Amino acid sequence: MVFFHASDRITARVALTDTWQDQNQRVEEEEELRSYDVSALFTSVPVDKALRIVRSRLEQDSALGDRTELTPDQIVRLCETCLKQYFIYNGDYYEQLHGAAMGLPLSPILCNIYMEDLEQRDIATAPHPPLWWFRYVDDTHCKLKKCHSQEFTDHLNSLDKDIKFTTEGEENDSLAFLDTLTVIQPDRSIKVTIYRKSTHTDQYLNFSSIHPIDHKLRVIRTLYHRADTVVTNLQDREDEKAHVNNALVKCGYPKWALDKATDPKTHKTSDVGDKRPNKGHVVLPYTKGTSEAIRRTFSNYGVSVFFKPTHTLGQILVSPKDKTDKKDITGPARQIRLQPGDILVSFDVVSSFTNVPIDDTWEITGDALQRDPSFDQRTRLFWNEVVDLTKLYLTSTYFKWEGKFYEQK
């Protein structure tokens, strides 16, 4: 039996394809392909059970002390604290009592650990286990005997009252798994192609959008790489690349961009002799024209620059959480006893950000960095390089008002 679970989509689909090619897998007449999906995995996982599994694994990990000074008990207590979630709905406060919260960074890790433990018990105790089992989070691709299909499905749903599996079989001798489509050919051998839902629109990052050019070139390379690593049949691979080309042309990609992204000669190579030592990286908002100049300057100091979009439709249009009234927000407080004649006074700096004399801060910043005993542990830059880069970033602020561009002095 082939048993495999992956922590990311790329590993899952590449492992699936490699297994078919390396072992010349077939699906015989008495066998079938079937997918299993966990209903509402994140909110169904019992956190208390999952943390018991985490504690057990930590206690059995002989190398834990090499990675952290925390004990298994401390790590589990930290997990418990992080997993406590509260939210507001229609003005009322609620605590999530069951399951892991959607969007919490710890949730996918906890759910994956729980599913690993569950599937090992499922497979080990199944009367007739599947012939292979590939899983990514809550999606599973397996092959089993047709006569044992319902028996195995019932078995999966009998072991844990919190986790319920739904299943789908083949459709037209094919089965979708993530973005791959496993196709059973007339001779019962298998080939893998790219799967697209009927609602797929072929809309990718538009070439005219305000994004760095390397982001757009990576869109092309990523789609081509998927075709090269997932599609097993040569003709299907060429057809997939033709489909990608047509879709990207509709998204405004010119021929020179397609040629540049797919030409092996244009890919960066690591030349140790010419490469400067990397002193770290920074992530900056992207502004067309200005950001490219900042990147070139930072590279002279051996600092890599990565860009992120500043205004997205999601940020502008989506507001999934109820907004809390300012009058309802209270921060941490302690009891203060006033003596007769005492009064409370608050002070506020008027327009602090825009009134600070920037030119007077460079010497103060440099002195503070030189006195910082842990400065060398946080960066490989020299203190004067940090000052120079900060000066460059803060003195290159521009804005637009009534159709004209201005520089903030």
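Thresholds applied
- Residues numbered from 1 in each chain as written.
- Predicted model: local features only at pLDDT ≥ 70, side-chain atom pairs only at ≥ 80, totals over all residues.
- Heavy atoms only, no water.
- Helix = DSSP H or I, 4+ residues; strand = E, 2+ residues; numbered from the N terminus.
- Buried < 20%, exposed > 50% of the residue type's maximum accessible area, 1.4 Å probe, protein only.
- Contact = heavy atoms within 4.5 Å.
- Areas by Shrake-Rupley, 256 points an atom, 1.4 Å probe, with all protein chains shown as cover.
- Pairing = 2+ DSSP bridges.
- Axes fitted to C-alpha atoms, helices over the stretch in contact; angles between N-to-C directions.
- Expected span 1.5 Å × (residues − 1).
- Salt bridge = Lys/Arg side-chain N within 4 Å of Asp/Glu carboxyl O.
- Parallel < 35°, antiparallel > 145°, perpendicular 65-115°, else oblique.
- Left-handed = near helix turned anticlockwise from the far one by under 90°.
- Nonpolar A, V, L, I, M, F, W, Y, C, P; charged D, E, K, R; others polar.
- pLDDT = per-residue confidence, 0-100.
- Patch = residues over 30% accessible without salt bridge, like charges linked within 9 Å, V, L, I, M, F, W, Y side chains within 5 Å.
- Polar contact = N/O pair within 3.5 Å; in protein donor to acceptor, adjacent residues only side chain to side chain.

Student: Any chance you could explain the overall build of the protein here in plain terms?
Tutor: A tally of helices and strands in the protein yields 16 helices and 14 strands. With 409 residues in all, the protein has 33% of them scored as buried. A fraction of 64% describes how many contacts in the protein between residues 6 or more apart in sequence connect residues 24 or more apart. With the model as given, the accessible surface of the protein reaches about 27400 Å², and the carbon-plus-sulfur share is 53%.

Student: When you look at unusual backbone geometry in this model, what are you seeing that I'm missing?
Tutor: Comment: phi is negative for the bulk of residues other than glycine, and the bulk of peptide bonds are trans. Despite not being glycine, V137 shows a phi value in the positive range, around 55°. Its location among the elements puts V137 in the loop between β5 (132–136) and β6 (139–145). Backbone geometry at L178 places phi at a positive 55°, although glycine is not the residue there. Positionally, L178 belongs in the loop between β8 (174–177) and β9 (180–184). Given a relative accessible area of 15%, L178 falls into the buried group.

Student: Just checking my understanding: could you explain the sheet that holds β9 for this structure?
Tutor: An order of β8-β9-β10 is seen for the three strands of this open sheet, with the pairing classed as antiparallel. The open sheet has two edge strands, β8 and β10 (190–194), and neither has a second partner. The mean inter-strand angle of the sheet, taken between neighbouring strand axes irrespective of direction, is 25°. Taken together, the four bridges between β8 and β9 define a ladder with antiparallel strand orientation.

Student: Got a minute to help me understand helix α6 (residues 106–125) in this structure?
Tutor: Residues three or four positions apart in an α-helix share a direction because the helix packs 3.6 residues into each turn. Between its first and last C-alpha atoms α6 spans 29 Å; for 20 residues at 1.5 Å apiece the expected length is 28 Å, and the two agree. Within α6, burial applies to S107, L110, C111, N112, I113, Y114, M115, E116, L118, E119, D122 and I123.

Student: Looking at this structure, how should I read the pattern of salt bridges?
Tutor: Two side chains with opposite charge may pair up if their charged atoms get near one another. Under the defined criterion, the tally for this structure stands at 23 salt bridges. Note that K145 and E31 form a salt bridge whose closest N and O atoms lie 3.8 Å from each other. Placement of K145 in strand β6 and of E31 in strand β2 (residues 31–38) is noted, with a sequence separation of 114 residues between them. Residue K145 is classed as partly exposed on the basis of its relative accessible area, which comes to 29%. Note on E31: relative accessible area 7%, which makes it buried. The residue E240 makes a salt bridge to R196 at a minimum N-O spacing of 2.6 Å. Highlighted residues: E240 in helix α9 (residues 234–250) and R196 in the loop between β10 and α8 (213–230), separated in sequence by 44 residues. What makes R196 partly exposed here is its relative accessible area of 22%.

Student: What should I look at first to understand the packing of helix α3 (residues 47–60) against helix α5 (residues 72–83) in this one?
Tutor: Two quantities define a packed helix pair, namely the angle between the axes and the distance from one axis to the other. Between α3 and α5, the least distance of the axes is 9 Å, while the angle of their chain directions is 155°. Judged on the interaxial angle alone, α5 and α3 are roughly antiparallel. Every pair of crossing elements has a handedness; the one defined by α3 and α5 is right-handed. Here V47, L51, V54, R55, L58 and E59 of α3 come into contact with α5, specifically with P72, D73, I75, V76, C79, E80 and L83. Class assignment of the residues belonging to the contact of α3 with α5 gives a composition of nine nonpolar, no polar and four charged.

Student: Would you take a moment to explain the confidence of the model for the protein for this structure?
Tutor: Detailed reading of the predicted coordinates is not advisable wherever pLDDT falls low. Across the protein, the average pLDDT comes to 81, with 77% of residues at 70 or higher. The weakest mean pLDDT in the protein belongs to strand β1 (residues 2–6) at 53; the strongest belongs to α9 at 95. For the stretch residues 269–274, pLDDT sits under 50, and the model shows zero contacts to residues farther than four places along the chain or on other chains.

Student: Just checking my understanding: could you explain the pairing of β2 for this structure?
Tutor: Strand residues, when the strand is regular, have side chains that alternate between the two faces of the sheet. Most of β2 is tucked away: seven of the eight residues are buried. Relative to β6, β2 is paired through seven bridges, and the arrangement is antiparallel. Looking at β6, one finds that S35 is bridged to H141. Pairing of β2 with strand β7 (residues 165–169) involves five bridges; the strand directions are antiparallel. Counterpart to V38 in the pairing with β7 is F165.

Student: Would you mind showing me how to read a nonpolar patch on the surface here?
Tutor: A cluster of nonpolar side chains, namely F87, Y89 and Y94, defines an oily patch on the protein surface of about 330 Å² accessible area. Residue position: Y94 is located in strand β4 (residues 92–95). A relative accessible area of 37% means that Y94 is categorised as partly exposed.

Student: Got a minute to help me understand the packing of α8 against α9 in this structure?
Tutor: Contact geometry for α8 and α9: axes closest at 9 Å, N-to-C directions at 160°. Comparing their axes, α9 and α8 come out roughly antiparallel. Crossing handedness for the pair α8 and α9: right-handed. Residue-level inspection shows V219, I220, L223, Y224, R226, A227 and D228 of α8 in contact with α9, the latter providing R237, E240, K241, V244, N245 and L248. Split into classes, the residues belonging to the contact of α8 with α9 amount to seven nonpolar, one polar and five charged.

Student: What should I look at first to understand the environment of K216 in this one?
Tutor: In this structure, K216 sits in helix α8. Each C-alpha atom, one on K216 and one on N206, is 8.1 Å from the other, the two residues being 10 residues apart in sequence. Setting aside its immediate chain neighbours within four residues, K216 contacts L205, N206, F207, S209, H211 and Y253. At 3.5 Å, the side chain of K216 and the backbone oxygen of H211 are in polar contact.

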